[in-house]
Amino acid sequence: MSRGILWFRQDLRLRDNPALAAASKECDELLCVFIDDPQDQTISQLGAASRVWLHHSLTALQASLRKKGSELYFAQGPSQEVLEELISQSGAQRIYWNRCYDPVTIERDKSIKTALSDLQPRTFNGLLIHEPWENLKSDGSPYRVYTPYWRAAATALGKEPDRLQTLNMPRNIPALSDVAAQALAACVSLEQLELLPCRDWHESMLKDWQVGEDAAQAQVERFLKSAVHGYDEGRNLPAEQGTSRLSPHLHFGEVSPRHILNRLLLERRLSALSESETTFAKEILWREFAYSLLFHFPQTIDEPLDPRFRKFEWAEQTDEHLRRWQRGMTGVPIVDAGMRELYATGWMHNRVRMIVASYLIKNLLIPWQAGEQWFRDKLVDADLASNCMGWQWTAGCGADAAPFFRIFNPVLQGEKFDKQGDYVRRWVPELAEVAKKYVHKPWELDAQTRSGIDYPEPLVDLKQSRERALTSFTAIKGTK
Ligand code: FAD
């Protein structure tokens, strides 16, 4: 009789879960566990919004396991200690998990593998199509530019289409015997993990989301049937549902990127996809590029990849400006709309993420790390790899970054991508009655109309602050 442990981490699903598939095949009894580890950068150190999502995702996973006659157990504490206790309490002889790729988790997992070597831990790739060490340049170094990364990944997939083969949900997930289950003194209930905050803001945050594996699968099908066909254009329009909204599902591993590409391709080759479908496939691979950067340049969690930016002169005394940005009270409509969407829903449209990030870094001259931290706390899809890459990309200090001197003009961005002002009116109701001509620049309204609107004046002058940023950049441009 063999008893195993299946350690769920960033893979909260039963379908296409390689660790679960192997464990279900090889063990007669399986202890499925999720550990809330305070040192875990991937999950537990993420912010309040992500922990709310996690609570619901674990609820869904527990229900799915119960349908299969199994159970999901929960524990809290440093993973190694918890696993050692569980092994001694359950008598498990094997252990399985899917790999994570942030630097702290990699080190922790290595040490757990050594400590538990008697159980011959088996680890798998459940999070990515290509692991960070797989898609490299011909000299073995990592890509720093996305286009060649994508080309190499697409070529590899062309040669190896089986990589997109997905695994079915195991027909049978062996349950733990009652005797072994009763010995699990290290386990607590999901509620005892206290993932939900005391205040009830989270209920309205999740009202338009469906959490969990089944919801993720349904969302993939919905998106691939409709919006993907107009994705090239639709993905830039924040007022529309033009993107997949799969990011939190992908972050928590409720669905695998393999499954998404598999369903997108439907037996076709990548080269047979339409332009919009190809653009979407490229976005799925952007996420993998972010994981590659995090793995090969782990310092980029809080340091710029471009060392010149260590000497960048940021503004001083920025607390009030940061607070106004966080609350969506900068006086720049599209920035405020984005920040309020984030606060209310735990998500923000990609185009608007770039606009609000550029405004914080370049117009307010506040270090990108402050924005990255706010996003980390407020996003339901907060992801160390994609978040750090997104912020460094916007700041101009990361891999394949937008050049620093390309400073988004939030008024022009608004007029181009939110032409009618619908997005702004939805999230900034103070401007609901403002005409299209002024909705992205209410400061140009005549004084009388302006005085009847309770909306702040812009925090900074867009033109002057742009000049100030360019001057700061010029100071570091020629340095090393
Ligand atoms: P879609 O457009 O439908 O794309 C499908 C999937 O591709 C996404 O779910 C995501 O997994 C991936 N993807 C798309 N664009 C990107 C991108 N630029 N970088 C990496 N992956 C991408 N994404 C996160 O998942 N977590 C984050 O914490 C995060 N922080 C960001 C911070 C900034 C400053 C910026 C500019 C971008 C950030 N992104 C982050 C990337 C992107 O904004 C989101 O992935 C996207 O908005 C999610 O919406 P969607 O699922 O509808 O995307």
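This one's a predicted model, so the numbers in the text were calculated from it and none came from an experiment. (Residues numbered from 1 in each chain as written. Predicted model: local features only at pLDDT ≥ 70, side-chain atom pairs only at ≥ 80, totals over all residues.)

Student: How would you explain unusual backbone geometry if you had to name every residue and give the values?
Tutor: Positive phi, normally seen in glycine, also occurs at Leu 266, with a value near 45 degrees. Position of Leu 266 relative to the elements: it lies in the loop between helix H11 (257–265) and helix H12 (275–296). The exposure class assigned to Leu 266 is exposed, which follows from the 8 C-beta atoms found within 10 Å. The residue Leu 365 is not glycine, and still its phi comes out positive at about 55 degrees. (Helix = DSSP H or I, 4+ residues; strand = E, 2+ residues; numbered from the N terminus. Buried ≥ 20, exposed ≤ 12 C-beta atoms within 10 Å, placed from the backbone.)

Student: Explain the nonpolar core residue by residue, including any values.
Tutor: Within the largest apolar cluster, 118 residues are counted, with the highest numbers of intra-cluster contacts made by Leu 6, Trp 7, Leu 31, Cys 32, Val 33 and Leu 86. When sequence neighbours within four positions are dropped, the list of residues in contact with Leu 6 reads Ala 19, Leu 20, Ala 23, Leu 30, Cys 32 and Tyr 96. (Core = buried A, V, L, I, M, F, W, Y, C linked by C-beta atoms within 7 Å. Contact = placed C-beta atoms within 7 Å.)

Student: Quick rundown of the environment of Trp 150? Include the residues and the values.
Tutor: Considering the arrangement of structural elements, one finds Trp 150 in helix H5 (residues 146–159). For Trp 150, a count of 19 C-beta atoms within 10 Å puts it in the partly exposed group. Between the alpha carbons of Trp 150 and Trp 286 there is a distance of 7.9 Å; along the sequence they are 136 residues apart. Ignoring any residue separated from it by four or fewer positions in sequence, one finds Trp 150 in contact with Lys 282 and Leu 285.

Student: Hey, could you go over the UniProt feature "site: Electron transfer via tryptophanyl radical" (unreviewed entry) in the protein for me, with residue numbers and the actual values?
Tutor: In this structure's numbering, the residues bearing the UniProt feature "site: Electron transfer via tryptophanyl radical" (unreviewed entry) are Trp 314, Trp 368 and Trp 391. The class for Trp 314 is partly exposed, based on 14 C-beta atoms found within 10 Å. When sequence neighbours within four positions are dropped, the list of residues in contact with Trp 314 reads Leu 365, Ile 366 and Pro 367. Secondary-structure assignment places Trp 368 in helix H16 (residues 368–378). Setting aside residues up to four positions removed in sequence, Trp 368 forms contacts with Ile 361, Trp 391, Gln 392 and Ala 395. (UniProt positions renumbered as here; feature names shortened; annotations may be inferred.)

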